[in-house]
Amino acid sequence: VLNNKSNWQSTNKLLARGAIIPRSVWTGSWQGGTPTSTKNVIIQSSVTSPGTFSAQDVRIDPGYAFTINAGNVATIYGDLYNYGSVNSNGAIEFYNVSDTADIYGDTVKFIGIIRISSSTVLRTNNLLNLNATGAFAYGQIGTGGPYNGTIVGNLTASYYISGGGNGYRHLGAPVNGATLAEINDDVPLNFGTPSSIFQNVYQFNESGVSPHWQPATGLSQSMDNAGFAVFIKADQLPLKIDITGQYFGTD
C-alpha cells in the first residue's frame, strides 16, 4: 500500500531534477532529440542498442534491457536508475565532477567494462554485479589514465568455470572483506568433517622456508590477500561463483 514506508525507496538527492531537465527516450530511435551530457535518458526498448551516447541520468524502465554493444560507450554524468536489466558487453563510464554518482533500483548485472573518472565517486549501494556468463564474457572495472575514481559500497564479482572435469581450481577474492562463505553458497565446502579425507578447500601458506597448502579452517575465514584451492567435481560444472565485498582500488 502507498502509506507503507517499506514499499518505497528514498534518497536525499534531488530527483525532481528529472522533471525540469530535458530528456531523450530510447524506443529503438531517439524520441526528444539526441541525448547530451545535460539531458536525461529513459530506456524503453530492448530491441536495439542506442550506440555511443552521453547523458545526465539514465533510467531503465521495467521490462526493458539496456543494451550497449562492444565498441560502444554510455557516458553518464549523473546517476543510473535500473528498474529493468542491463545487457551489455560495451562500456559504461561514470563522470560526475560535482557530486557522487549513484546506482539505484535493481541490481545491475553487467558484462562489459565499468569506468569511473578520477574526479568521480561511484556509490554502488550494493547494486553492482560484475556478472559472468562464460570464460570470456564477464564484467570488469576499467582503470588507468583518467579512470581511477573511487567506488563506495559492495560489488559482486563472478567467476565462470565452464568445464575441465574433476580437480582443484585456484581461487582468490578480487574484493576486500569476503570470507569462504562467499564460495560455499556456490560450491559446498568441507573442512574435514567427519574425516580429513573429505577436506576440499585449502589455503596456500607463503610463510616460512617451505610454502605449502594447508587445510582451510571454516566459512568465516577471510579471503583477503590469500589464495585457495577448491576441489570441484565435473558434475558441478558449468559453475558460476559470486564473491561480494569492497573494491580493492586501482593500486
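Quick caveat: nothing in here was measured; it's all calculated off a predicted structure.

Definitions and limits used
- Residues numbered from 1 in each chain as written.
- Predicted model: local features only at pLDDT ≥ 70, side-chain atom pairs only at ≥ 80, totals over all residues.
- Heavy atoms only, no water.
- Helix = DSSP H or I, 4+ residues; strand = E, 2+ residues; numbered from the N terminus.
- Contact = heavy atoms within 4.5 Å.
- Lys, Arg positive; Asp, Glu negative; His and termini not counted.
- Charge placed at Lys NZ, Arg CZ, Asp CG, Glu CD.
- Pairing = 2+ DSSP bridges.
- Axes fitted to C-alpha atoms, helices over the stretch in contact; angles between N-to-C directions.
- Core = buried A, V, L, I, M, F, W, Y, C linked by side-chain atoms within 4.5 Å.
- Buried < 20%, exposed > 50% of the residue type's maximum accessible area, 1.4 Å probe, protein only.
- Salt bridge = Lys/Arg side-chain N within 4 Å of Asp/Glu carboxyl O.

A. Focus on the overall build of the chain. A tally of helices and strands in the chain yields two helices and 26 strands. Within the chain, contacts between residues separated by at least 24 positions form 45% of all contacts whose residues are at least 6 apart in sequence. Averaged over its 12 positive side-chain charges, the chain has a centre that lies 8 Å from the centre of its 15 negative ones.

B. Molecular detail of the sheet that holds strand β24 (residues 212–215). Strand order across the open sheet formed by four strands is β21-β25-β23-β24, with antiparallel pairing between neighbours. Both edges of this open sheet fall to β21 (167–172) and β24, since each of them pairs with a single strand only. With direction set aside, neighbouring strand axes in the sheet form an average angle of 35°. Across three bridges, strand β23 (residues 201–205) lies against strand β25 (residues 227–232) in antiparallel orientation. Within β25, the residue paired with glutamine 203 across the bridge is phenylalanine 228.

C. Broad picture of the nonpolar core. Core analysis: the largest hydrophobic core is formed by 51 residues, its most contacted members being Phe53, Val58, Phe66, Phe94 and Ile114. Counting residues per element, this core draws most heavily on strand β26 (residues 239–247), which supplies four residues. Sequence-distant contacts of phenylalanine 66, defined by excluding residues within four places in its chain, comprise Ile43, Pro50, Phe53, Val58, Ile60, Ala74, Ser85, Val86, Asn87, Ser88 and Ile92.

D. Representation of the pattern of salt bridges in the model. As enumerated under the stated definition, the model contains three salt bridges in all. Arginine 59 is paired through a salt bridge with aspartate 61; the nearest N and O atoms lie 2.7 Å apart. Taking relative accessible area as the criterion, arginine 59 reaches 32% and is therefore assigned partly exposed. On the basis of relative accessibility, which here comes to 10%, the residue aspartate 61 falls in the buried class. For the salt bridge of glutamate 93 with arginine 115, the shortest nitrogen-to-oxygen distance reads 3.0 Å. One end of the pair, glutamate 93, is in strand β10 (residues 91–94); the other, arginine 115, is in strand β13 (residues 113–116), and 22 residues separate them in sequence.

E. How the structure looks around the pairing of β23. Every second residue of β23 is oriented toward a common face, the buried set being Val201, Gln203 and Asn205 and the non-buried set Tyr202 and Phe204. Between the antiparallel neighbours β23 and β24 lie six residues, among them glycine 208 with a positive phi of about 80°.

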